[in-house]
Amino acid sequence: MGMLGSLQIGKSGLLASQAALQVVGNNLANLATEGYHRQNITLEPATAQQIGPGMFIGRGVAIQSITRAADEALEARLRNAISDQGAADVRQSLLGRIEAIENEYTDTDLSTIMSEFFNAFSELSNNPQDMSLRSMVIEQAGTLTSFIRELDSNLGSMEQQTIAQIDQTTATANDLLDRIATLNRQISVQSRGSGGAPSLRDQRDALLAELSQYMDISTVEQESGSVDVFVGSLPIILNSTNRGIEVVNKSIDGETVTQIVISADKSPLDLQAGELGALIEFKEGDIKDAIGAVDELASQLIWQVNRLHSQGQGTELLDSVTTASLVSDPTLTLDDPDNGLAFTPQHGSFQLHVIQQSTGQVVTTTIDIDLDDINPAANTTLNSLAADINAVGNVTASVNAAGQIVIDTGTSDFQIAFGDDTSGVLAALGINTFFTGKDAFDIDVNSVVEESPGLIAAAYSGPEGANPGDNSVALSIASLRDDGLDDLNGLSLTEYWSRHVGDFAVRRAQSREELASTTVISEGLASQQQSVSGVNVDEETIDLIMYQRAYQASARLLTVIDELMQTLMAAV
């Protein structure tokens, strides 16, 4: 082997030590680089040379590999934890915003304002003739309806903001997918299936972790070095192709449902975690539940109060009334869902009282509402109801172009009142009602009553007229605060809202606990990942000294060989 072989050994030592020093230096340089994975160099003896039977002599050192310190199973678990934490964080924040909008447990919340409204009717029942108490009822009703409309508007705005956030998050995720697909292409070219391109792989891992913040993903690495990215079993990146994601809105059972689909084939993604998954879940669940609860409360408040109020009378009577609700087709039966009524009447009847002021005479007529479908042709329509009312003496009734019945006595000597409505048609059509509207969006105080508080029906309207001191209707309306309602599964209006508030308080508490637990898991996995892949200054310093000594030793070997060769040349 001779001197030349010794030179080769020294050279291999220099080159190996130099490469090792570069690896260590690169690790130290990236000590604070987020997403960097420590690189390890592995050295092995060069293949030995046989110099005799059973005798081999080494030929120096060779670099076996330079690899990233990465545990792919741990990286996958960390990405899953990041997705869970991102979802919990978003949901906890959004539920907190609902809690702030509803503003319960304060003096300006819906529970308090609704209680003050019922208190006003309770006070009115103590003295039905008191105009100041009647004005107080109007004032409290106005405050209540304004608060409900504002609450509905704020929740609706939050829903629209959530939709906009879904669009923005989807665009951000799509950009990350594009960048990952590009890195896949670059890694395939640079590594050629050898597992190289560590810097590019670090960049890709950082992007995958960032993508996990938005959606729950899994990855499968191919021989080329590229990774396929999946949501569930559906691929969104194949090799270097981003199949893309986009937002679509579909109408399902009359409701608009937001979905995230793959742009390439419109396959819907089942997102279970990540910010995007949490936003979709919130939009389709929590915010709809909140809006639905406010709408249901407002709808039942309108219906239940109007059902009672429409059968009573105040200190003033009506000589003309126009139904507040509009019917799209007056030839349709009143219980037909296509007629546009928000509330559906049923088979029954009501009483129409015609009172002559000059004589005090009361003439009561029972108006039948036929909706039993025994003879469909005889079922009550808006036109037939107007005709039945028109047949009553001293009263005219007609259907106008807007789909309303206009009832008029034609003279101030005759006035009208209504009572004993077993069909609910008075409340459904908006005759002698306290509220107008159908839900939280348009609930309001009837302008006719608002302008004339004497029309507030505190008394029961019977065939003999109302007793001036009668307070039965006011008491019945005040009792709605605590009376269980069949339409609310036995809950009262206040119990229904309290249950909604309690349900969302539980959801918020659960979201806080989930965020705390997912944060602990994520931080624990991040710590494990750092221990596997992070740069330890002490370890790198030890390696730095070791490779420095190895380099110096190899250099010293070359110096010795050089001196020996010079001595040999001088002897020749």
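Before any of the text, the structure's been laid out above.
Note that the structure is predicted; figures quoted are calculated from it, not measured.

The rules we used
- Residues numbered from 1 in each chain as written.
- Predicted model: local features only at pLDDT ≥ 70, side-chain atom pairs only at ≥ 80, totals over all residues.
- Heavy atoms only, no water.
- Helix = DSSP H or I, 4+ residues; strand = E, 2+ residues; numbered from the N terminus.
- Rg over C-alpha atoms; globule rule 2.2 N^0.38 Å.
- Buried < 20%, exposed > 50% of the residue type's maximum accessible area, 1.4 Å probe, protein only.
- Contact = heavy atoms within 4.5 Å.
- Lys, Arg positive; Asp, Glu negative; His and termini not counted.
- Charge placed at Lys NZ, Arg CZ, Asp CG, Glu CD.
- Pairing = 2+ DSSP bridges.
- Patch = residues over 30% accessible without salt bridge, like charges linked within 9 Å, V, L, I, M, F, W, Y side chains within 5 Å.
- Areas by Shrake-Rupley, 256 points an atom, 1.4 Å probe, with all protein chains shown as cover.
- Salt bridge = Lys/Arg side-chain N within 4 Å of Asp/Glu carboxyl O.
- Axes fitted to C-alpha atoms, helices over the stretch in contact; angles between N-to-C directions.
- 1 Å grid on protein atoms, 1.4 Å probe; cavity = no way out; pocket = protein on both sides within 12 Å on 5 of 7 lines; lining within 4 Å.
- Points joined across faces, edges and corners; volume = space filled by probe spheres on them.
- Nonpolar A, V, L, I, M, F, W, Y, C, P; charged D, E, K, R; others polar.

Chemist: Sorry if this is basic, but what is going on with the overall build of the protein here?
Modeler: Assigned secondary structure in the protein consists of 12 helices and 20 strands. The C-alpha radius of gyration of the protein comes to 41 Å, more than 25% above the 25 Å expected for a compact globule of 572 residues. The dimensions of the protein, computed from C-alpha atoms along their principal axes, are 155 × 50 × 35 Å. Within the protein, the fraction of its 572 residues that count as buried is 45%. Once local pairs closer than 6 in sequence are excluded, the contacts in the protein between residues at least 24 apart make up 68%. Side-chain charges in the protein split into 29 positive and 78 negative, and the spacing between the mean points of these groups amounts to 20 Å.

Chemist: I would appreciate a short explanation of the sheet that holds strand β8 (residues 241–242) in the present structure.
Modeler: In a beta sheet, neighbouring strands are held together by backbone hydrogen bonds and run either parallel or antiparallel to one another. Spatially, the 4 strands line up as an open sheet ordered β5-β6-β7-β8, and their pairing is antiparallel. Since the sheet does not close on itself, it has two edges, and those belong to β5 (218–221) and β8, each with one partner. Both β5 and strand β6 (residues 227–231) contribute to a ladder of 4 bridges, which runs antiparallel. Bridging across to β6, S218 finds its partner in F230.

Chemist: What should I look at first to understand a nonpolar patch on the surface in this one?
Modeler: Where nonpolar side chains cluster on the molecular surface, the patch consists of M3, V560 and L564 and spans about 210 Å² of accessible area. Residue position: M3 is located in helix α1 (residues 2–29).

Chemist: It is not clear to me how the sheet that holds strand β12 (residues 320–322) should be interpreted in this structure. Could you clarify?
Modeler: What the 3 strands build is an open sheet, ordered β12-β16-β15; its pairing is antiparallel. Either end of the sheet is taken by a strand with one partner, and the two such strands are β12 and β15 (396–399). Averaged over neighbouring strand pairs, the angle between their axes works out to 10° when direction is ignored. Pairing geometry for β15 and strand β16 (residues 405–408), over 4 bridges, is antiparallel. Bridge pairing in β16 places V399 opposite I405. Running over the sheet, helix α7 (residues 382–390) touches β15 and β16 and is turned about 165° from β15.

Chemist: Sorry, what's going on with the layout of surface pockets here?
Modeler: In this model, the largest pocket occupies a volume close to 530 Å³. Considering the residues around the largest pocket, the lining is formed by 25 residues, among which E34, G35, L78, A209 and Q529 are closest to the centre. Residue assignment for the lining of the largest pocket shows that the elements contributing at least two residues are α2 (72–102), α5 (198–214) and α11 (493–533). In terms of residues, the lining of the largest pocket owes the most to one element, α11, which gives 7 residues. For the lining of the largest pocket, the class distribution of residues is 8 nonpolar, 11 polar and 6 charged.

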